[in-house]
Amino acid sequence: MDKKVTIELSEPITTLSGETVSVLTADFGQIAVRDIPMVNRLERRLKGASDEIDLGNLSKAASVEWRAAMTWVAVLKGTKGVCLDDIDRLSIPDYMELSSCSLPFVVKISG
């Protein structure tokens, strides 16, 4: 399975560094266990949550925010010129696309 995913944004973003970006590359092959704390922090930020445990969602793979955060960390590893805070500039449809991109990498499908 190719571990790089190309995401064409429905609306280009202007990054904090001033670059206009319309295509992102998420490199899931570059994500390691050491990146999980960043994914978890970004998930909490996207949820607007505190550091408390969310008992309503014990499966990370079921969390839209966690999957979007996982993809964004992969984007940071695969796309030059974007930073963590640039996720705030995405449109809602593009944000939801991030969530779906990580599914093949976080959910094991038996077959």
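The model shown is predicted, which means the values in this text are computed figures rather than measured ones.

### Some remarks on the packing of aromatic side chains
Reasoning step 1: Here the structure, examined in full by the defined rule, presents 1 aromatic pair.
Reasoning step 2: An angle of 15° between the planes, with centres 4.1 Å apart, marks the rings of Phe28 and Phe105 as stacked. Linking Phe28 in the loop between β2 (20–27) and α1 (36–47) with Phe105 in helix α4 (residues 103–106), this pair joins segments that are 77 residues apart in sequence.
Reasoning step 3: Phe105 sits in the partly exposed class, given a relative accessible area of 25%.

### Here's the deal with the packing of helix α2 (residues 64–78) against helix α3 (residues 92–101)
Reasoning step 1: Where α2 contacts α3, the two axes come as close as 7 Å, and the packing angle between them is 85°. By the criterion of interaxial angle, the relationship of α2 to α3 is roughly perpendicular. Taking contact as the criterion, the partners of Val64, Glu65, Arg67, Ala68, Thr71 and Trp72 in α2 are, on α3, Tyr95, Met96, Leu98, Ser99 and Cys101.
Reasoning step 2: For the contact of α2 with α3, the per-class residue count stands at 7 nonpolar, 2 polar and 2 charged.

### A word on the environment of Thr25
Reasoning step 1: Looking at the element boundaries, Thr25 is found in strand β2.
Reasoning step 2: For Thr25, a relative accessible area of 23% translates into the label partly exposed.
Reasoning step 3: On a C-alpha basis, the gap between Thr25 and Trp72 in space is 9.6 Å, while along the polypeptide they are 47 residues apart.
Reasoning step 4: Once residues within four sequence positions are removed from consideration, Thr25 is found in contact with Lys4, Val5, Ala74, Val75, Gly78 and Thr79.

### Here's the deal with the nonpolar core
Reasoning step 1: Counting residues in each nonpolar core, the largest one holds 25 residues, and the members touching the most others are Ile7, Leu24 and Trp72.
Reasoning step 2: Among the secondary structure elements, those contributing two or more residues to this core are β1 (4–14), β2, α1, α2 and α3.
Reasoning step 3: With 8 residues, the top contributor of residues to this core is α2.
Reasoning step 4: In this structure, Leu24 is in contact with Val5, Thr6, Ile7, Leu9, Trp72, Val75, Thr79 and Val82, ignoring residues within four places of it in sequence.

### Concerning α2
Reasoning step 1: With 15 residues, α2 extends 21 Å between its outermost C-alpha atoms, agreeing within 8% with the 21 Å of an ideal straight helix rising 1.5 Å per residue.
Reasoning step 2: Within the span of α2, buried status applies to Trp66, Arg67, Ala68, Ala69, Met70, Thr71, Trp72, Val73, Ala74 and Val75.
Reasoning step 3: In this structure, the buried residues of α2 make contact with β1, β2, α1, α3 and α4.

### Quick word on the pairing of β1
Reasoning step 1: In the sheet, β1 pairs with β2 via 7 bridges, with the strands oriented antiparallel. Following the sheet pairing, Lys4 is matched in β2 by Asp27.
Reasoning step 2: Joining the antiparallel neighbours β1 and β2 is a turn of 5 residues, in which Gly18 adopts a positive phi near 90°.

So, how was this worked out
- Residues numbered from 1 in each chain as written.
- Predicted model: local features only at pLDDT ≥ 70, side-chain atom pairs only at ≥ 80, totals over all residues.
- Heavy atoms only, no water.
- Phe/Tyr/Trp six-rings, centres within 6.5 Å; stacked < 30°, edge-to-face > 60°.
- Helix = DSSP H or I, 4+ residues; strand = E, 2+ residues; numbered from the N terminus.
- Buried < 20%, exposed > 50% of the residue type's maximum accessible area, 1.4 Å probe, protein only.
- Axes fitted to C-alpha atoms, helices over the stretch in contact; angles between N-to-C directions.
- Parallel < 35°, antiparallel > 145°, perpendicular 65-115°, else oblique.
- Contact = heavy atoms within 4.5 Å.
- Nonpolar A, V, L, I, M, F, W, Y, C, P; charged D, E, K, R; others polar.
- Core = buried A, V, L, I, M, F, W, Y, C linked by side-chain atoms within 4.5 Å.
- Expected span 1.5 Å × (residues − 1).
- Pairing = 2+ DSSP bridges.

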